[in-house]
Amino acid sequence: MRKGIEQRITSLLKDTITPKQLTQVHAFYIKTCSSSHSHKHNRFLQAKLLATLVSLPTSIDLHYARSLFHSFPLPDTFIWNTMIRAYLYAHNPQQSLTLYFQMLLHHHHHVSVDSFSLSLVFQACARLLDWENGTKIHTHVFKLGFSPDLFVQTALIEMYAKCGHLDCARKVLDSMEEPDLVSYNVLLVEYIRFGEIKMAHQLFNKMPHRDLVSWNTMIHGYASLGDVEQRQQSNEALKLFHEMQVANVVPDRVTMSSVLSACASLGALGMGKMIHEYIERNGIGVDMKLGTSLLDTYAKCGDIDNALRMFEQLNHKDVFTWSVMIMGLANHGFGEQALLCFSKMITEGIKPNDVTFLGLLSACSHSGLVDKGWVCFKSMSRVYGISPKIQHYGCMVDILGRAGLLEEARELIRTMPFEPDAIVWRALLGACKIHKNADLAQEATLNLLELEPHVDGNYVLLSNIYSQAKKWDRVVMLRRSMKCSNIQKVPGSSSIEVDNAVYEFVSGDKSHPKSLEIYEMLEEVLDRIQCAGYKPLTTSTVQDFDEQEKQNALSTHSEKLAIAYGLLTTAPGSPIRIFKNLRVCEDCHLSIKFISKVYKRKIIVRDRNRFHHFDGGSCSCRDYW
DNA sequence: CTAGGGTTAG
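Everything numeric in this text was worked out from a predicted model, so none of it was measured.

Quick word on the packing of helix α29 (residues 515–531) against helix α32 (residues 586–598)
Turning to step 1, where the next piece is worked out: Packing of α29 against α32 leaves a shortest axis separation of 9 Å and a crossing angle of 90°. For the element pair α29 / α32, the angle class is roughly perpendicular. Along its contact with α29, which presents V525, R528 and I529, the element α32 presents S591, F594, I595 and V598.
Turning to step 2, where the next piece is worked out: Residue composition of the contact of α29 with α32, by class: five nonpolar, one polar and one charged.

Overview of the protein's contact with DNA strand B
Turning to step 1, where the next piece is worked out: Surveying the vicinity of DNA strand B reveals 51 residues, the closest of which are N185, N216, D252, F320 and I423.
Turning to step 2, where the next piece is worked out: Here, DNA strand B places atoms within 4 Å of the protein, and 42% of those atoms are sugar or phosphate.
Turning to step 3, where the next piece is worked out: Residue H220 places a side-chain N or O atom 3.5 Å away from a phosphate oxygen belonging to DNA strand B.
Turning to step 4, where the next piece is worked out: Interatomic distance of 2.7 Å between a side-chain N/O atom of T292 and a base nitrogen of DNA strand B.
Turning to step 5, where the next piece is worked out: Looking at which element gives the most residues to the surface near DNA strand B, the answer is helix α17 (residues 288–300), with seven residues.

Details of the sheet that holds strand β2 (residues 501–506)
Turning to step 1, where the next piece is worked out: Strand order across the open sheet formed by six strands is β2-β1-β3-β4-β5-β6, with mixed pairing between neighbours. Of all strands in the sheet, those with a lone pairing partner are β2 and β6 (618–619), marking the two edges.

Describing the environment of Y503
Turning to step 1, where the next piece is worked out: Along the polypeptide, Y503 turns up in strand β2.
Turning to step 2, where the next piece is worked out: For the pair Y503 and Y565, spaced 62 residues apart in sequence, the C-alpha to C-alpha distance is 9.4 Å.

Some remarks on the pattern of salt bridges
Turning to step 1, where the next piece is worked out: On inspection of all chains with the given rule, the structure shows 18 salt bridges.
Turning to step 2, where the next piece is worked out: For the salt bridge of K239 with E236, the shortest nitrogen-to-oxygen distance reads 3.8 Å. Note that K239 and E236 are positioned in helix α14 (residues 230–246) at a spacing of three residues, about one turn of the helix.
Turning to step 3, where the next piece is worked out: Note on K239: relative accessible area 46%, which makes it partly exposed.
Turning to step 4, where the next piece is worked out: Its salt-bridge partner being E452, residue R426 comes within 2.7 Å of it at the nearest N-O pair. On the criterion of sequence distance, the pair formed by R426 in helix α25 (residues 422–435) and E452 in the loop between α26 (438–451) and α27 (456–468) is long-range, its members being 26 residues apart.
Turning to step 5, where the next piece is worked out: Each of E158, K162, E190 and R193 takes part in a single network of salt bridges with overlapping partners.

Points about unusual backbone geometry
Turning to step 1, where the next piece is worked out: One non-glycine residue, L129, lies in the positive phi region at around 55°.
Turning to step 2, where the next piece is worked out: With respect to the element layout, L129 can be found in the loop between α7 (115–128) and α8 (131–143).
Turning to step 3, where the next piece is worked out: Relative accessible area serves as the criterion here: at 52%, L129 is assigned to the exposed category.
Turning to step 4, where the next piece is worked out: The backbone of K436 shows a phi angle near 50°, a positive value even though the residue is not glycine.
Turning to step 5, where the next piece is worked out: Here K436 lies in the loop between α25 and α26.
Turning to step 6, where the next piece is worked out: The exposure class assigned to K436 is exposed, which follows from its relative accessible area of 61%.

Comments concerning a negative patch on the surface
Turning to step 1, where the next piece is worked out: A grouping of E517, E520, E523 and D527 is seen on the molecular surface, where their side chains present a negatively charged patch.
Turning to step 2, where the next piece is worked out: Its place among the elements puts E523 in helix α29.
Turning to step 3, where the next piece is worked out: The exposed category is assigned to E523, whose relative accessible area is 56%.

Focus on the pairing of β2
Turning to step 1, where the next piece is worked out: For strand β1 (residues 493–498) and β2, the ladder comprises six bridges, and the chain directions are antiparallel. Bridge assignment links S493 to a residue of β2, and that residue is V506.
Turning to step 2, where the next piece is worked out: Linking β1 to β2, which pair antiparallel, is a turn of two residues; within it D499 sits at a positive phi near 50°.

A short note on the packing of aromatic side chains
Turning to step 1, where the next piece is worked out: For the structure shown, the criterion picks out 14 aromatic pairs.
Turning to step 2, where the next piece is worked out: One cation-aromatic arrangement involves K317 over F311; the distance from NZ or CZ to the ring centre is 4.8 Å.
Turning to step 3, where the next piece is worked out: Over the face of the ring belonging to F579 we find R606, whose NZ or CZ atom lies 4.0 Å from the ring centre.

Brief notes about α32
Turning to step 1, where the next piece is worked out: Here α32 contains 13 residues, and its C-alpha end-to-end distance of 19 Å stays within 8% of the 18 Å for a straight helix at 1.5 Å per residue.
Turning to step 2, where the next piece is worked out: Counting buried positions along α32 gives 10 out of 13 residues, so the element sits mostly inside the fold.
Turning to step 3, where the next piece is worked out: Residues of α32 that are buried include every one of D587, C588, H589, S591, I592, K593, F594, I595, S596 and V598, and no others.
Turning to step 4, where the next piece is worked out: After α32 finishes, the residue K600 shows a positive phi value of roughly 50°.

Quick word on the UniProt feature "repeat: PPR" (unreviewed entry) in chain A
Turning to step 1, where the next piece is worked out: In the UniProt entry, the feature "repeat: PPR" (unreviewed entry) is given for residues 180–214 and 318–352.
Turning to step 2, where the next piece is worked out: The distance from the first to the last C-alpha atom of residues 180–214 is 12 Å, and the span holds 74% helix and 0% strand.
Turning to step 3, where the next piece is worked out: When the span residues 318–352 is considered, its composition is 74% helix and 0% strand, and the gap between its end C-alpha atoms is 9 Å.

Quick notes on the packing of helix α15 (residues 253–266) against α17
Turning to step 1, where the next piece is worked out: At their nearest, the axes of α15 and α17 sit 9 Å apart, and the two run at 15° to each other. The angle between the axes of α15 and α17 places the two elements in the roughly parallel class. With respect to the hand of their crossing, α15 and α17 are arranged in left-handed fashion. Contact with α15, carried on its side by R253, M256, S257, L260, C263 and A264, involves K289, L290, S293, L294, T297 and K300 of α17 and no other residues of that element.

Some words on the nonpolar core
Turning to step 1, where the next piece is worked out: By size, the foremost hydrophobic cluster in this structure holds 156 residues, and its most contacted members are F122 and L428.
Turning to step 2, where the next piece is worked out: Sort the elements by how many residues they give to this core and α25 lands first, with eight residues.
Turning to step 3, where the next piece is worked out: Ignoring any residue separated from it by four or fewer positions in sequence, one finds L428 in contact with V397, L406, A409, R410, I413, L440 and A444.
Turning to step 4, where the next piece is worked out: The next biggest cluster of nonpolar side chains, apart from the first, holds 34 residues, and it includes L526, Y534, A564 and Y565.

Considering the pairing of strand β4 (residues 603–606)
Turning to step 1, where the next piece is worked out: In β4, alternate side chains face the same way, and those of I603 and V605 on one face and I604 and R606 on the other are all buried.
Turning to step 2, where the next piece is worked out: In this sheet, β4 lies alongside strand β3 (residues 576–580) in parallel orientation, the contact comprising four bridges. The partner of I578 across the bridge, within β4, is V605.
Turning to step 3, where the next piece is worked out: Regarding the hand of the β-α-β motif, the stretch spanning β3, α32 and β4 is right-handed.
Turning to step 4, where the next piece is worked out: Relative to strand β5 (residues 611–615), β4 runs antiparallel, the two being bridged by four bridges. By the bridge assignment, R606 is partnered in β5 with F611.

Here is what the cut-offs are and how they apply
Residues numbered from 1 in each chain as written. Chains lettered and ligands numbered in written order. Predicted model: local features only at pLDDT ≥ 70, side-chain atom pairs only at ≥ 80, totals over all residues. Heavy atoms only, no water. Axes fitted to C-alpha atoms, helices over the stretch in contact; angles between N-to-C directions. Helix = DSSP H or I, 4+ residues; strand = E, 2+ residues; numbered from the N terminus. Parallel < 35°, antiparallel > 145°, perpendicular 65-115°, else oblique. Contact = heavy atoms within 4.5 Å. Nonpolar A, V, L, I, M, F, W, Y, C, P; charged D, E, K, R; others polar. Near = heavy atom within 4 Å. Polar contact = N/O pair within 3.5 Å; in protein donor to acceptor, adjacent residues only side chain to side chain. Pairing = 2+ DSSP bridges. Salt bridge = Lys/Arg side-chain N within 4 Å of Asp/Glu carboxyl O. Buried < 20%, exposed > 50% of the residue type's maximum accessible area, 1.4 Å probe, protein only. Patch = residues over 30% accessible without salt bridge, like charges linked within 9 Å, V, L, I, M, F, W, Y side chains within 5 Å. Areas by Shrake-Rupley, 256 points an atom, 1.4 Å probe, with all protein chains shown as cover. Lys, Arg positive; Asp, Glu negative; His and termini not counted. Charge placed at Lys NZ, Arg CZ, Asp CG, Glu CD. Phe/Tyr/Trp six-rings, centres within 6.5 Å; stacked < 30°, edge-to-face > 60°. Lys NZ or Arg CZ within 6 Å of the ring centre and 35° of its normal. Expected span 1.5 Å × (residues − 1). UniProt positions renumbered as here; feature names shortened; annotations may be inferred. Left-handed = near helix turned anticlockwise from the far one by under 90°. Core = buried A, V, L, I, M, F, W, Y, C linked by side-chain atoms within 4.5 Å. Right-handed = clockwise from strand over helix to strand, strands pointing away.

Below is the structure:
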């Protein structure tokens, strides 16, 4: 074949990005081969064809790759490696491994494994979580007398780490003479994936340099982890974002996405808005993922209007985007809108997944849509081929229970194809509380305490049920057993963001510097709403206090303090947003309705379960919560 | 050739 044609095909391959283009080049190659110039195949060009096929941005046509591979009578190391890569990229790491072992058998054909083969096969082991083969091949590295290669070692770190052998991974890293950023970052990512945030942070501090990926990994770690100490972790994410800027590392959309999820879990709307402005000011392009983050942040910070605006602005939406919107509407109590959103999603040809249905069922639950809940639940498997998980059954139990269909809820628990978990029993127990069914409550309690004997919230819920029924002896017994098992009650707290700083109040809190003013304000508030007809709902207190004591305990609940502070510090007529760690109590719910009317304020409360929008004396939950 | 981001019930 003439040199000119070889060069022409090489340059054609360079510009090949679609499978169709590739077949065209291939056809051209075959034509020139069979033409008069040469009948011999060109090994170099064929290898290049295969390599191009494997590196196309689209998914790999394995049939095609295999036929190319088999056209070589004696594939060399490069060609073997390319085929191993083909399987790896085509999500078939098992075949990569098989091919690697076949390659070893071709030793007599002078085909030898090189550092590319090794790094690829370790990646395959990492994806398969195949520690056994991984370690076995690790010994090959020594046997073959390889000088330690950066890529091989990095792949080894990933293999050990992904298989859960974080200490082995660390040993490989520590043994490296000059680990590069990727070697560090790989381990950082795996530490985070295993929830080892402390180890990650130590490594992060130890690194000689940190690049964008290192920072992003750490920020994401703090923003996404932390069921425990959620608040601290989210604040740590924001702190790191600040440090990153001090270190002159320019953030990108990945950074923004993580920082936003920290804002979302803090409920920090002001901070979220600042980040949004930062994104716009710095020309960071909003792609689908970042857009979904923004949407989710607005929804979780109580600003459903901006969430909807964001949703409208996004040109491309996938199942995540739609699910986030549906869940947002659900949490704000807009059940019908959530269902409408779902219909639109279907019309636009987006396939729902199991999370989408959690949003829908949650919407039905928050809005008391029993029939529609059943329709959704049944359509899951019948129409969309998604089999309901225990979470979906949990939602259905909640929907039925809240609506007072306690027997139906109990029957569903009995017939569902899962062992009921604590969450299911708690949903039933909560329903028993609303609808005052002592017998069923007894059954749910026994099951719940067997599964979760150490969760404070369960005792609080039970205690509320007993005091509602005025069974004070039971309440006392419960408190005693809590004390015996050393179960601490998580105190209720409410926070409010003023001038981008978050203040947190607990019941009877006097720690705020403006405490005196806050309590004066609270007194005025209570006076004014009482004039408007508010009467304290003392039945929801746990203790067998006298009436005045009960009222006093209620009047300084954390949400009331936070609202008093909000009234003091924000402009008249502007909305007040409160974030509570537990569910809002009935008396607070009632009084906030009055406050919204008397002070002409929109008050948005995010409690443990959902949002309450108070306006003009009523709440968006229509007292169904 | 290896590294980083978005949804998950009550």
